[in-house]
Amino acid sequence: MKAYELRHIVGFEETNLVGNVYYTNFLKWQGRAREMFLHDHAPDVIAELANGFALATVRCACDYLAELEAFDEIVIRMRLGGIVQNRINLLFEYYRLSPEGEELVARGEQQVACMRRGKKAVPTAIPAQLREALREYE
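Conventions used here
Per chain, residue numbering runs from 1 following the sequence as it is written. Residues qualify for local features only when their pLDDT is at least 70, as the model is predicted, and side-chain atom pairs are given and counted only at 80 or more; totals for whole chains, interfaces and linings, by contrast, use all residues. Side-chain metrics in this entry use all non-hydrogen atoms of the structure; hydrogen atoms and water are not considered. Put simply, DSSP H or I for four residues or longer makes a helix, DSSP E for two residues or longer makes a strand, and each gets a number counted from the N terminus. Radius of gyration: C-alpha atoms only; globule rule: 2.2 Å multiplied by the number of residues to the exponent 0.38. We call a residue buried when its accessible area falls under 20% of the maximum for its residue type, exposed when it is over 50%, and partly exposed in between, using a 1.4 Å probe and counting protein chains only. We call two residues in contact when some of their heavy atoms are within 4.5 Å. Residue exposure ignores everything except the shown protein chains as possible cover, and the areas themselves are Shrake-Rupley values with a 1.4 Å probe. Positive charge is attributed to Lys and Arg, negative charge to Asp and Glu, and no charge count is given to His or to the chain ends. Note on charges: their place is set at NZ of Lys, CZ of Arg, CG of Asp or CD of Glu. Think of it this way: DSSP has to see at least two bridges between two strands before they count as a pair. As used here, the arc is the angular range of directions from the helix axis to the C-beta atoms.

Peer 1: Any details on the overall build of the protein? Residues and values, ideally.
Peer 2: The helix and strand tally for the protein stands at three helices and six strands. The N-to-C order of helical and strand elements in the protein reads β-α-α-β-β-β-β-β-α. What you see for the protein is a C-alpha radius of gyration of 16 Å, in line with the 14 Å of a compact globule of 138 residues. When the backbone C-alpha atoms are referred to their principal axes, the protein occupies close to 45 × 30 × 25 Å. Going through the 138 residues of the protein one by one, you find that 42% of them count as buried. Taking the intrachain contacts of the protein between residues at least 6 apart in sequence as the baseline, contacts between residues at least 24 apart amount to 65%. Of the roughly 7900 Å² of accessible surface on the protein, a fraction of 52% belongs to carbon and sulfur atoms. Charge centroids of the protein, computed over 17 positive and 20 negative side chains, lie 11 Å from each other.

Peer 1: Could you give an account of the pairing of strand β4 (residues 87-98), naming the residues involved and the relevant values?
Peer 2: Every regular strand shows the same layout, with side chains that alternate between the two sheet faces. Sheet topology note: the strand β3 (residues 73-84)/β4 ladder contains 11 bridges and is antiparallel. When the bridges of β4 are listed, I74 appears paired with R96. Where β3 folds back on β4, the antiparallel hairpin that results is connected by two residues, among which Q85 adopts a positive phi of roughly 55 degrees. Looking at chain direction, β4 and strand β5 (residues 101-116) are connected through 12 bridges and run antiparallel. Paired with N89 across the two strands is Q111, which belongs to β5. Linking β4 to β5, which pair antiparallel, is a turn of two residues.

Peer 1: Please provide a residue-by-residue account of helix α3 (residues 128-135), values included.
Peer 2: Residues L130, A133 and L134 constitute the buried set of α3. Across the axial projection of α3, the buried residues extend over an arc of 100 degrees, all falling on one side. Opposite the buried face of α3, by more than 90 degrees, sit the exposed residues A128 and E132. The secondary structure elements touched by the buried residues of α3 are α1 (24-41), α2 (43-48), β2 (53-64), β3 and β4.

Written out as structure tokens, the structure is:
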């Protein structure tokens, strides 16, 4: 299965007092992967964000399998888990990269709702460009 990939090197600011990556950074990296996916594959959607369109995260989760530390090189792989009406389910896998290969260190999931802002946010259809771009990563 094809996945959208975001590479990252962990910095000191992402670690806690004991030296491992603070758990909330995994969720931050999910958001970063989603943003860069839009930048690379659905730039029209980014433009729509200024016109009242919104991608609202309605649920996110992460299962931690191993610790990461500063200067670990990682790759976050994002895939489409499914689409139902105006909601997109994204799946994430986090791998530590080393000369010996890859080690799965976490798995995550995020559900995003497409909304239109106004006096009240209302559900709206998934933009065609985004829907098409995501199909490549099913």
